[in-house]
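Architecture and fold: a report
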Amino acid sequence: MSTGPRNTWEAWARSVPPLACVSTREPCPDPMATATRLARAGLAGQYVVYEADGGVWHFAAGSDVSVTADTGGITARAAGRTWTSRTDGRPLAAFAGALSALRDEDDEGSRGEENAGGRHFYGWAAFELAHLLHADPASAGDRPLLHAMVPSVEVTLGGDSTVVRAVDEAWARKVADLLAEPAAGQPSARDEPVREGTEGIIAAGSAAYGRAVARTVGDIRAGLLEKAVVSRKVPLPAERHPDFPATYLAGRRANTPARSYLLDLGGYRAAGFSPETVLEVGDDGRVSTQPLAGTRALGADPAENERRRAELLSDPKEIHEHAVSVRLAWDEMAAVCSPGSVVVEEYMAVRPRGSVQHLASRVTGRLRPDTGPWDAFASLFPAITATGVSKRAALQTLARHEDGPRGLYGGAVFRGSTGGALDAALVLRTLIGTGDEAWLRAGAGVTAQSSPEREIEETCEKLRSVAPHLRFSAD
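Residues numbered from 1 in each chain as written. Predicted model: local features only at pLDDT ≥ 70, side-chain atom pairs only at ≥ 80, totals over all residues. Heavy atoms only, no water.

1. Some details on empty space enclosed by the protein
How we decide: Using a 1 Å grid laid over the protein atoms alone, points where a 1.4 Å probe fits but cannot get out form a cavity; open sets with protein on both sides within 12 Å along at least 5 of 7 lines form a pocket; any residue with an atom within 4 Å of a point counts as lining. Grid points are joined across faces, edges and corners, and a volume is the space filled by probe spheres set on the points. Secondary structure elements follow DSSP: runs of H or I of four or more residues count as helices, runs of E of two or more count as strands, with numbering from the N terminus.
For the structure shown, the criterion picks out five cavities of 30 Å³ or more. Of the volumes computed, that of the largest cavity is approximately 150 Å³. If you trace the largest cavity, you find 20 residues lining it, with Thr385, Leu428, Arg429, Gly443 and Lys462 closest to the centre. Listing elements by their share of the lining of the largest cavity, those giving two or more residues are strand S16 (292-297), strand S23 (437-446) and helix H13 (452-463).

Structure follows, in structure tokens:
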């Protein structure tokens, strides 16, 4: 997958400095808190904290090197220079083409990169990219659809060690000084949870949402589609200013996500606890996706949780919703994987995710020699569990019944490498901000058996994974 003038991206890639300074330190006792502390330090204009599989946290920061794409054009920046090109309605292909130039530089052996798997990049994909990939291009809008940062410094916080990679000694020293500071000496955010207002926050807009669900059920019964994941936006009070790092730390300690992230990147701020991945691609070409569909609340009473779990596993509506999601995930994987390699490794397990429990499956395969990670991303994005079945019809339904564009919600936050790896978390259970606005959003899978009352309650159950953990700035 490649588009755009090759010479343009080669010139950009040559201007991207390597992470030449590499050092290894003792592991941190609390990598989550350490990563959050690094984010709060304000080292650069953009940062990302990304929790990967296996309890490893990555912190990345920088402001000089980035790639941003929308429907019409793509802009890459490095070393104070800017490169632009048209995308001709194919922003993902242009985006992948620009990032692939970094791999070409690595392959030449001129980067001096002491980093297994190549150079890493961090970014996001907005939900509206889906309209270009699967539905109506006119619905994609004119806002950025993809953004990635190539960091000036990257810190990997694992159980065995802390690894710092930086473009120069100055960056390495900044991070080393922060890591050496005692945690107690760090400035702390106001740590007062929002208790009395939580239920009022999550109830906002529920009546209008119920009407949208009813209209969607009508579309499904008319044969237009099988399922749509209809969502509602919950704006936070304008006079309150969320503290994203503090919200992330409080929320992550209370949640059990598949991935988590904290970022200020490409115009978005976010603190999220993703219940599932859109896809995971290894350097070896193994690809995996993890659809979750079917929901019940998860609380403090073990007996009640077990009752709800049994109910979830026997509810015809929830089972149907999950089965059609797995079926489509299989089809989308088969489109990019070698024949016979696609398998369902796990089917309809129950996974705890913060304030809810979900039916969960995992579909895996191996990429064909003629496909790569971004081809898999194009096939699987956005997650079935954030859109519906068929994906095209669901996107058209969402455009009719939801209030305005989703933006980051239902899209992806990702970490990738020039070696071919790509790990993309589905953006759900997330506090999102841009400009002076901040909001939560939640959705529910609507089928022919859905009732507005139950789907409203499901969105409330999901919002409780984030809303009780909101923290606000003292000013």
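Read on for the rest.
2. Some remarks on unusual backbone geometry
Going from Phe381 to Pro382, the amide bond is cis rather than trans, its omega being -10°. Along the chain, the position of Pro382 falls in the loop between helix H11 (373-380) and strand S19 (388-389). A cis amide bond links Val389 to the next residue, Ser390, at an omega of -10°. The topology assignment puts Ser390 in the loop between S19 and helix H12 (391-401). Non-glycine residue Ala79 carries a positive phi angle of around 50°. Tracing the chain through its elements places Ala79 in the loop between strand S5 (73-78) and strand S6 (81-86). Positive phi outside glycine occurs at Met348, with the angle close to 55°. Tracing the backbone through its elements, the reader meets Met348 in strand S17 (residues 343-353).

3. Quick word on the nonpolar core
We apply this condition: Throughout this description, the term nonpolar core refers to a set of buried Ala, Val, Leu, Ile, Met, Phe, Trp, Tyr and Cys residues connected via side-chain atoms within 4.5 Å. The buried label applies to any residue whose accessible area, calculated with a 1.4 Å probe on protein chains only, is under 20% of its type's maximum; exposed applies above 50%, and partly exposed to all values in between. The criterion used for residue contact is that any of the two residues' heavy atoms lie within 4.5 Å.
If you look at the biggest cluster of nonpolar residues, it comprises 96 residues, and the most contacted ones within it are Trp12, Phe95, Leu279, Trp374 and Phe377. Looking at this core, the element that brings in the most residues is helix H3 (residues 91-107), giving eight residues. Excluding residues that lie within four positions of it along the chain, Trp12 makes contacts with Val65, Ser66, Val67, Ala76, Arg77, Ala78, Trp83, Ala98, Leu99 and Leu102.

4. Details of the environment of Ala254
Its place among the elements puts Ala254 in helix H8 (residues 244-254). Each C-alpha atom of the pair Ala254 and Val466 lies 9.1 Å from the other, and the pair is 212 residues apart in sequence. Not counting chain neighbours up to four residues away, the residues in contact with Ala254 comprise Gly354 and His469.

5. Some remarks on the pairing of strand S4 (residues 66-69)
Stated precisely, the cut-off is as follows: Two strands qualify as a pair provided DSSP detects at least 2 bridges between them.
Judged by which residues are buried, S4 turns out to be covered on both faces: Ser66 and Thr68 on one side and Val67 and Ala69 on the other are all buried. Across four bridges, the pairing between S4 and S5 is antiparallel. Each bridged residue has a counterpart across the sheet, and for Ser66 the counterpart in S5 is Arg77. Sheet analysis places S4 next to strand S8 (residues 146-149), joined by four bridges and oriented antiparallel.

6. Re H12
Within the span of H12, buried status applies to Lys391, Ala393, Ala394, Leu395, Thr397, Leu398 and His401. Against the buried residues of H12 lie helix H4 (129-134), helix H7 (206-221), strand S11 (227-235), helix H10 (316-334), H11 and S19.

7. Let's talk about a nonpolar patch on the surface
As a reminder, the rule being used: Only residues whose relative accessible area exceeds 30% and that form no salt bridge are eligible for patches; like-charged ones are grouped when within 9 Å, while nonpolar side chains (Val, Leu, Ile, Met, Phe, Trp, Tyr) are grouped when within 5 Å. Per-residue accessibility takes into account occlusion by the displayed protein chains alone, with areas from the Shrake-Rupley method and a 1.4 Å probe. Whenever a carboxyl oxygen of Asp or Glu lies within 4 Å of a side-chain nitrogen of Lys or Arg, that contact is scored as a salt bridge.
Taken together, the side chains of Trp330, Val344 and Tyr347 present a nonpolar region at the surface, about 280 Å² in accessible area. With respect to the helices and strands, Val344 occurs in strand S17.

8. Thoughts on helix H2 (residues 31-40)
The element H2 is largely enclosed, with a buried count of eight among its 10 residues. All of the buried residues along H2 are Pro31, Met32, Thr34, Ala35, Thr36, Arg37, Leu38 and Ala39. For H2, the elements touching its buried residues are strand S2 (46-51), strand S3 (57-62), strand S9 (153-157), helix H5 (169-180), H8 and strand S12 (259-265).

9. Some thoughts on the sheet that holds S23
Let me state the cut-off plainly: Lines fitted to C-alpha atoms define the axes, with helix axes restricted to the stretch in contact, and inter-axis angles between N-to-C directions lie between 0 and 180 degrees.
An order of S1-S10-S9-S3-S2-S12-S13-S22-S23-S11-S19 is seen for the 11 strands of this open sheet, with the pairing classed as antiparallel. Unpaired on one side and paired on the other, strand S1 (21-25) and S19 mark the two borders of the sheet. As judged from the seven bridges shared by S12 and strand S13 (residues 268-274), these two strands associate in the antiparallel manner. Paired with Leu262 across the strands is Ala271, a residue of S13. Docked against the sheet, H8 engages S2, S3, S12, S13 and strand S22 (430-434), running at close to 0° with respect to S13.

10. Description of the side chain of His147
Using the following cut-off: Any N or O atom pair separated by 3.5 Å or less is treated as a polar contact, with the protein-specific requirement of one donor-capable and one acceptor-capable atom, and with residues adjacent in sequence counted only for side-chain atom pairs.
Within the secondary structure layout, His147 lies in strand S8. His147 sits in the buried class, given a relative accessible area of 5%. A distance of 2.9 Å separates polar atoms of two side chains, one belonging to His147 and the other to Gln46. A polar atom in the side chain of His147 sits 2.7 Å from the side chain of Thr68.

11. Overview of the pattern of salt bridges
Per the stated rule, a full pass over the model turns up 33 salt bridges. With a closest N to O distance of 2.7 Å, Arg307 and Glu304 form a salt bridge. You can see Arg307 and its partner Glu304 sitting in helix H9 (residues 302-314), three residues apart, about one turn around the helix. For Glu304, a relative accessible area of 25% gives the class partly exposed. Among the charged side chains, a salt-bridge network with shared partners connects Lys227, Arg296, Glu304, Arg307, Arg308, Glu311, Asp315, Lys317, Glu318, Glu321 and Glu455.

12. So, the packing of H9 against H10
The test is simple: Note on residue categories: nonpolar means Ala, Val, Leu, Ile, Met, Phe, Trp, Tyr, Cys or Pro, charged means Asp, Glu, Lys or Arg, and polar means any other residue, Gly included.
Packing of H9 against H10 brings their axes to within 5 Å, and their N-to-C directions diverge by 60°. Here Leu312, Leu313 and Ser314 of H9 come into contact with H10, specifically with Pro316, Glu318 and Ile319. Its residues assigned to classes, the contact of H9 with H10 shows four nonpolar, one polar and one charged.

13. Quick look at the side chain of Gln46
Relative to the helices and strands, Gln46 is located in strand S2. Looking at Gln46, its side chain comes within polar contact range of the main-chain nitrogen of Gly266, at 2.8 Å. Setting aside anything within four residues of it in sequence, one finds Gln46 in contact with Ala60, Ala61, Gly62, Ser63, Ser66, His147, Met149, Asp264, Leu265 and Gly266.

These results come straight from atomic positions and should not be treated as a statement about function.
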